[in-house]
Each structure stands twice: as C-alpha cells, then as structure tokens.
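Commentary on secondary and tertiary structure
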Amino acid sequence: MLSYPFMQNAFLVGTLIAIVSGFIGVFVVARHMSFLSHTLSEIGFAGASFGLFMGWSPLVGMLIFTILSATTIGELGMEEGRSESLISAVSAVAIGLGIAFLALSQKNASAATSILFGSIFSISHENIIQVVILAVIVLVVGLICYRPLRHFAFDYNTAIFSLKHIVWIEVLFLILMAMTVAISSQIVGSLLIFILITLPASAAMRWGRTVWQMIGLAILFGIVGVWSALILSYWTNVPVSFYIAIIEAGIYFVSLINKDE
C-alpha cells in the first residue's frame, strides 16, 4: 500500500493536516468558535469554486475567501445579539456563490465532488507543496504566539483587559483558523472541514489536564482518524471523509462516556 506514491502523498498531507487541525482546534473549541469553523466550511466551498472559475487552484480561492470572511465575521458578528443572523446570512450567500461559480466555470461533477468531499488520493504535487508551506506557517506562528493565544482562548474575559493589542491577537487567531480550514479541505472537503478541527479537540479537552496535553491528544486523535481512514478507504474504495467522520465521532462519544463515569 505504501509503495504507491499517491498513498505516500496522502499520508504525508493527512498527517500534516491532522497536526495543524489538532493544534488550532483546541483554541477554537476553547474560544467557543466551533460554529465559525462550520460556517467557514461553506464559505470555503464558494472560495474553491471561485478558484476554479478563475483558473486557479481551489486552495488559493478558499484561502482568500476564508481569511476575508473569518476576519470580517469575527470582528462584526461576535456580539451575542447578531452573530447567529449574520452567520446564517453569510452561509446562505456563500452556498449560492459556490453554486454560481461552479456553473460559470463549466466544470464537471467530479470537480464539485472534489471540493465538497475532498480528493486526497489525487492531490497534485503543487497542492502538496502549498499544504506543507501553509501548515508550517500556521504551526510556527501558533507556537511563537502560543501564550497570548492560550490566554485569549481559555480566559477571554481577563485577556481583553490584560493583553496588549487584543484586537490584533484576535485577527491573528481568525487568520490561523481560516488557513487551517482551507488546508483541511484537502482531506475531508469543504462540507466536513469542521470535523477535523472540532471533534478531536473536543474529545481531547475531556481527557487532558493541561493545554499541552489537550493539544497532544487532539493531534493524536486526528492522526489516528486520518491514518485509519486512509487505510480503510484504500481497501474498501469508500471516501476518506466518511471514515474520518465516523472515527472522530466515535472517539468523541467515547470521551463523553468516560467523562460521565
């Protein structure tokens, strides 16, 4: 199985995405922004479709749309009174734009399927390089800014008073989140991006006692889900995203049972 180059590429990219998603996912869940990752998945669909329409890589279009949308929604819609309505409106527009761009680009159904559900076994060499670069950027920046990000995510009420440049930290966090969403789509597609970002982190936060333990467990759960899904998909010819969804959901439900005991 690992003798095939496409499987080697899939494991490389899948491992990187699991690491990045686990690292950022802990901060996303701690900051109670899981709903935003779901919204960004729909926005990512519009961005990827726009990329196809423009003749770009879908990943480039997704990056542009998710970064712009994440910072805009994060700054305008985090207030309790209007966040739900704003996100609903943005999601509706994003889905409509995605359908329109796909139709205008005159791509076949396989292009739409790749955007919606991922296409890791057919990922191009160019996309592999893009994913590696983006993953390294997210991890390096996240590690450099770890302490303010931890304070921002886990104790926001005091962070707004004690952290300098809190607005810039929030913008940085939203950009890192958007980049994670964009690169995660290479495995699970735009519709299921939130799975890798939220479920491993949510499970890890029920087992870990420190933030680093949570991050380590989230990465471990993500890697277990991705590796298992790749192996099962190779032998059964069922999409990787299906197995990732089932495995990560199973890990999360086990963590719920363990917490209740």
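It should be emphasised that the depicted structure is a prediction, and the values quoted were computed from it without experimental measurement.

1. Comments concerning the overall build of the protein chain
- Scanning the protein chain from N- to C-terminus turns up 12 helices and 0 strands.
- Along its sequence from the N terminus, the protein chain presents helices and strands in the succession α-α-α-α-α-α-α-α-α-α-α-α.
- Looking at the protein chain as a whole, 52% of its 261 residues are labelled buried.
- The long-range fraction of contacts in the protein chain, counting pairs at least 24 apart against all pairs at least 6 apart in sequence, stands at 76%.

2. A closer look at the packing of helix H1 (residues 5-30) against helix H6 (residues 125-144)
- Contact geometry for H1 and H6: axes closest at 10 Å, N-to-C directions at 25°. Our classification of the angle between H1 and H6 gives roughly parallel. In the packing of H1 onto H6, the handedness of the crossing is left-handed. Contact residues: Asn9, Leu12, Val13, Leu16, Ile17, Ile19, Val20, Phe23 and Ile24 in H1; Ile128, Val131, Val132, Ala135, Val138, Leu139, Gly142 and Leu143 in H6.
- Here the residues of the contact of H1 with H6 are counted per class, giving 15 nonpolar, 2 polar and no charged.

3. A short note on helix H11 (residues 211-236)
- Between the first and last C-alpha of H11 there are 37 Å, a value that for 26 residues agrees with the 38 Å anticipated at 1.5 Å per step.
- Asn237 sits one or two positions beyond H11 and adopts a positive phi of about 65°.

4. Concerning the packing of H1 against H11
- At their nearest, the axes of H1 and H11 sit 8 Å apart, and the two run at 150° to each other. In terms of their interaxial angle, H1 and H11 are classed as roughly antiparallel. Taken as a pair, H1 and H11 cross one another with a handedness that is right-handed. Residue-level contacts link Phe6, Met7, Ala10, Phe11, Gly14, Thr15, Ala18, Ile19, Gly22, Phe23, Val26 and Phe27 of H1 to Trp212, Met214, Ile215, Ala218, Ile219, Gly222, Ile223, Val226, Trp227, Leu230, Ile231 and Tyr234 of H11.

5. Considering the side chain of Ser255
- When you line up the elements, Ser255 lands in helix H12 (residues 240-260).
- Excluding its chain neighbours within four sequence positions, the residues that come into contact with Ser255 are Ala203, Arg206 and Trp207.

6. Observations regarding the packing of aromatic side chains
- In this structure the tally under the stated criterion is 15 aromatic pairs.
- Taken together, a centroid distance of 5.6 Å and an interplanar angle of 35° make the contact between Tyr4 and Phe6 tilted.
- Owing to a relative accessible area of 39%, Tyr4 belongs among the partly exposed residues under this scheme.
- For the ring pair Phe152 and Tyr156, a centre distance of 5.5 Å and an interplane angle of 80° mean the geometry is edge-to-face.
- Overall, the relative accessible area of 0% leaves Phe152 in the buried class.
- Classification of Tyr156 as partly exposed rests on a relative accessible area of 25%.
- Ring pairs connect the aromatic residues Phe50, Phe53, Trp56, Phe65 and Phe101, which therefore count as one cluster.
- In this arrangement the basic side chain of Arg31 is found over the ring face of Phe152, its NZ or CZ atom lying 5.4 Å from the centre.

7. Side note on the nonpolar core
- Counting 80 residues, the largest nonpolar core has Phe27, Phe173, Ile215 and Ile244 as its most contacted members.
- For this core, the leading source of residues is H1, giving 15 residues.

8. Here's the deal with unusual backbone geometry
- One non-glycine residue with positive phi stands out, namely His32, at about 60°.
- Mapped onto the elements, His32 comes out in the loop between H1 and helix H2 (34-54).
- Of note, the phi angle at Asn237 is positive, near 65°, even though the residue is not glycine.
- Residue placement: Asn237 occurs in the loop between H11 and H12.

9. Considering the confidence of the model for the protein chain
- Per-residue confidence for the protein chain gives a mean pLDDT of 83, with 87% of residues at or over 70.
- Averaged over each element, pLDDT in the protein chain is lowest for helix H5 (residues 109-117) (61) and highest for H11 (94).

10. Observations concerning the environment of Ala46
- As for its position among the elements, Ala46 is in helix H2.
- On the basis of relative accessible area, Ala46 is assigned to the buried category, the value being 0%.
- For the pair Ala46 and Val93, spaced 47 residues apart in sequence, the C-alpha separation works out to 8.9 Å.
- Excluding its chain neighbours within four sequence positions, the residues that come into contact with Ala46 are Phe65, Ala94, Leu97, Gly98 and Phe101.

11. Some words on a nonpolar patch on the surface
- Together, Phe53, Met54, Trp56, Val60, Ile64, Leu68 and Leu104 give the surface a local cluster of nonpolar side chains, amounting to about 620 Å² of exposed area.
- Sorting the residues of the nonpolar patch by element identifies H2 and helix H3 (58-76) as the ones contributing at least two each.
- It is H3 that contributes the most residues to the nonpolar patch, 3 residues altogether.
- Tracing the backbone through its elements, the reader meets Val60 in helix H3.
- Of the residues examined, Val60 reaches a relative accessible area of 31% and is grouped as partly exposed.

Conventions we followed
- Residues numbered from 1 in each chain as written.
- Predicted model: local features only at pLDDT ≥ 70, side-chain atom pairs only at ≥ 80, totals over all residues.
- Heavy atoms only, no water.
- Helix = DSSP H or I, 4+ residues; strand = E, 2+ residues; numbered from the N terminus.
- Buried < 20%, exposed > 50% of the residue type's maximum accessible area, 1.4 Å probe, protein only.
- Contact = heavy atoms within 4.5 Å.
- Axes fitted to C-alpha atoms, helices over the stretch in contact; angles between N-to-C directions.
- Parallel < 35°, antiparallel > 145°, perpendicular 65-115°, else oblique.
- Left-handed = near helix turned anticlockwise from the far one by under 90°.
- Nonpolar A, V, L, I, M, F, W, Y, C, P; charged D, E, K, R; others polar.
- Expected span 1.5 Å × (residues − 1).
- Phe/Tyr/Trp six-rings, centres within 6.5 Å; stacked < 30°, edge-to-face > 60°.
- Lys NZ or Arg CZ within 6 Å of the ring centre and 35° of its normal.
- Core = buried A, V, L, I, M, F, W, Y, C linked by side-chain atoms within 4.5 Å.
- pLDDT = per-residue confidence, 0-100.
- Patch = residues over 30% accessible without salt bridge, like charges linked within 9 Å, V, L, I, M, F, W, Y side chains within 5 Å.
- Areas by Shrake-Rupley, 256 points an atom, 1.4 Å probe, with all protein chains shown as cover.
- Salt bridge = Lys/Arg side-chain N within 4 Å of Asp/Glu carboxyl O.

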